[in-house]
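What follows is each chain in one-letter form.
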Amino acid sequence: GNGLGVEFDHVTDEKIERSAEAARKEVRRARKLGAARIEIVVTSPWRNAENGRDLVTALAAATGSRVRALSEEEEAELGFLGAVSRTDIDQEPVAVCDVGGGSAQVAVGSRRQASWLRSVELGSLRLTNRCLRTDPPTRAELDAARAEVAETLAPLTPPLPAVALATGGSARALRRLGLETLDREGLKRELSTLTKLPTAARAGYAKADPQRARTLPAGAMILAGLQELLRVPLRVADGGVREGVCLGLLQAEAATA
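Draft legend 1. The sheet that holds strand β3 (residues 94-99), seen in detail. Overall, mixed pairing links the six strands, which are arranged β5-β4-β3-β6-β8-β7 in an open sheet. In this open sheet, the two edge strands, each paired with only one partner strand, are β5 (114-120) and β7 (181-182). As paired elements, strand β6 (residues 163-167) and strand β8 (residues 234-236) share three bridges and run parallel to each other. Bridge pairing in β8 places Ala 166 opposite Val 236.

Draft legend 2. Expanded view of helix α7 (residues 169-176). Buried within α7 are the following residues: Gly 169, Ser 170, Ala 171, Ala 173 and Leu 174. Of the residues flanking the end of α7, it is Gly 178, one or two places downstream, whose phi is positive at about 105°.

Draft legend 3. Representation of the nonpolar core in the model. Ranked by size, the top nonpolar core spans 42 residues in total, and within it Leu 127, Leu 174, Leu 182, Ile 222, Leu 223, Leu 226 and Leu 234 carry the most contacts. With nine residues, the top contributor of residues to this core is helix α10 (residues 210-230). Excluding anything up to four places from it in sequence, Leu 182 contacts Ala 166, Ala 171, Leu 174, Leu 187, Leu 223, Gln 227, Pro 233, Leu 234 and Val 236. Ranked by size, the runner-up nonpolar core spans 13 residues in total, among them Phe 80, Ala 83, Val 84 and Ala 114.

Draft legend 4. Examining the side chain of Ser 65 more closely. As for its placement among the helices and strands, Ser 65 is situated in the loop between α3 (52-63) and β2 (67-69). We classify Ser 65 as buried; its relative accessible area is 11%. For Ser 65, the residues in contact, after removing those within four places along its chain, are Val 27, Arg 31, Ile 38, Ile 40 and Ala 60.

Draft legend 5. Expanded view of a negative patch on the surface. Together, Glu 72, Glu 73, Glu 74, Glu 77 and Glu 121 make up a region of like negative charge exposed at the surface. Along the chain, Glu 77 turns up in helix α4 (residues 72-85). In this structure Glu 77 comes out as partly exposed when scored by relative accessible area, which is 31%.

Draft legend 6. Fine view of the pattern of salt bridges. Within the structure shown, the criterion is met by eight salt bridges. With a closest N to O distance of 2.5 Å, Glu 39 and Arg 66 form a salt bridge. With Glu 39 in the loop between α1 (13-32) and β1 (40-42) and Arg 66 in the loop between α3 and β2, the pair connects residues that are 27 residues apart, well separated along the chain. Relative accessible area serves as the criterion here: at 53%, Arg 66 is assigned to the exposed category. In this structure, Arg 175 engages Asp 238 in a salt bridge whose closest nitrogen and oxygen atoms are separated by 2.9 Å. Linking Arg 175 in helix α7 with Asp 238 in the loop between β8 and α11 (241-256), this pair joins segments that are 63 residues apart in sequence. Classification of Asp 238 by relative accessible area gives partly exposed; the value is 42%. Bridged by salt links that share partners, the residues Glu 39, Arg 66 and Arg 68 form one connected network.

Draft legend 7. Structural detail: the packing of helix α9 (residues 199-206) against α10. Contact geometry for α9 and α10: axes closest at 8 Å, N-to-C directions at 95°. As the angle between them shows, α9 and α10 are arranged roughly perpendicular. The segment α9 lies against α10, with Thr 199, Arg 202, Ala 203 and Ala 206 engaging Pro 210, Ala 213, Arg 214, Leu 216 and Pro 217. Tallied by class, the residues present in the contact of α9 with α10 amount to six nonpolar, one polar and two charged.

Draft legend 8. Highlighting α3. Taking 1.5 Å of rise per residue, the twelve residues of α3 would be expected to cover 16 Å, and the 17 Å separating its terminal C-alpha atoms lies within 8% of that figure. Among all positions in α3, only Gly 52, Leu 55, Val 56, Leu 59, Ala 62 and Thr 63 are buried. Burial along α3 is one-sided: seen end-on, the buried residues are contained in an arc of 135°. After α3 finishes, the residue Gly 64 shows a positive phi value of roughly 65°.

Draft legend 9. Fine view of the pairing of strand β4 (residues 104-109). Of all six residues in β4, six are buried, a share of seventy percent or more. The two faces of β4 match: Ala 104, Val 106 and Val 108 on one face and Gln 105, Ala 107 and Gly 109 on the other face are all buried. Where β3 and β4 come together, six bridges link them in antiparallel fashion. Across the sheet, Val 96 pairs through a bridge with Ala 107, a residue of β4.

Calculation criteria
- Residues numbered from 1 in each chain as written.
- Predicted model: local features only at pLDDT ≥ 70, side-chain atom pairs only at ≥ 80, totals over all residues.
- Heavy atoms only, no water.
- Pairing = 2+ DSSP bridges.
- Helix = DSSP H or I, 4+ residues; strand = E, 2+ residues; numbered from the N terminus.
- Buried < 20%, exposed > 50% of the residue type's maximum accessible area, 1.4 Å probe, protein only.
- Core = buried A, V, L, I, M, F, W, Y, C linked by side-chain atoms within 4.5 Å.
- Contact = heavy atoms within 4.5 Å.
- Patch = residues over 30% accessible without salt bridge, like charges linked within 9 Å, V, L, I, M, F, W, Y side chains within 5 Å.
- Areas by Shrake-Rupley, 256 points an atom, 1.4 Å probe, with all protein chains shown as cover.
- Salt bridge = Lys/Arg side-chain N within 4 Å of Asp/Glu carboxyl O.
- Lys, Arg positive; Asp, Glu negative; His and termini not counted.
- Charge placed at Lys NZ, Arg CZ, Asp CG, Glu CD.
- Axes fitted to C-alpha atoms, helices over the stretch in contact; angles between N-to-C directions.
- Parallel < 35°, antiparallel > 145°, perpendicular 65-115°, else oblique.
- Nonpolar A, V, L, I, M, F, W, Y, C, P; charged D, E, K, R; others polar.
- Expected span 1.5 Å × (residues − 1).
- Arc of directions from axis to C-beta.

Below, the structure written as structure tokens:
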């Protein structure tokens, strides 16, 4: 996942070592629990950082397991499958928006398969670092961030869905604030509150750690842009890329059983 807190052009040696050690511990735990298949998955950091391949190599060496460095399309498809598999859907087409720290994915399709996939370099941490540097952000910074969201999403022309889901840390944080469905008015209301609070107060308000609290306004802003693009409210899904990966592993295990 995208928990490195990198600036997207370079992953420090310290962060690579910390990530490798964390992965080593998780793999050891999984093996003790009898996991039949183990896969390490890396999302946007490896694509965006100049030394992203070093991160992949370090994870493989630390764990002795396969490391799957996802392409933009793979990340979008796995997020779609994970979200749809954990959500009751009674209409099609369905769209899934996955807003991470470094990128956002949008996929549209039937319940079984996405037929339209796109990824943009627009994530909550990336947008925060580029535009929202004051704590709390100034009006000029907010205007600049909104303009960047609009400019980045403008080229996207997805098929309009009957139902849309949102996944990722920002969407889940907004659900904890009471927004089970992310609609225009709800997102506007929470954005107004979140952007008036400094990070420390925002963390208390959103019951989030400081890093998530810092990037939550940007994440909400991106989700608002995606909601406007898709023209339907976004239901917060329980699943995402992680669940999509697990679903693939279960299907692979069943095929060889």
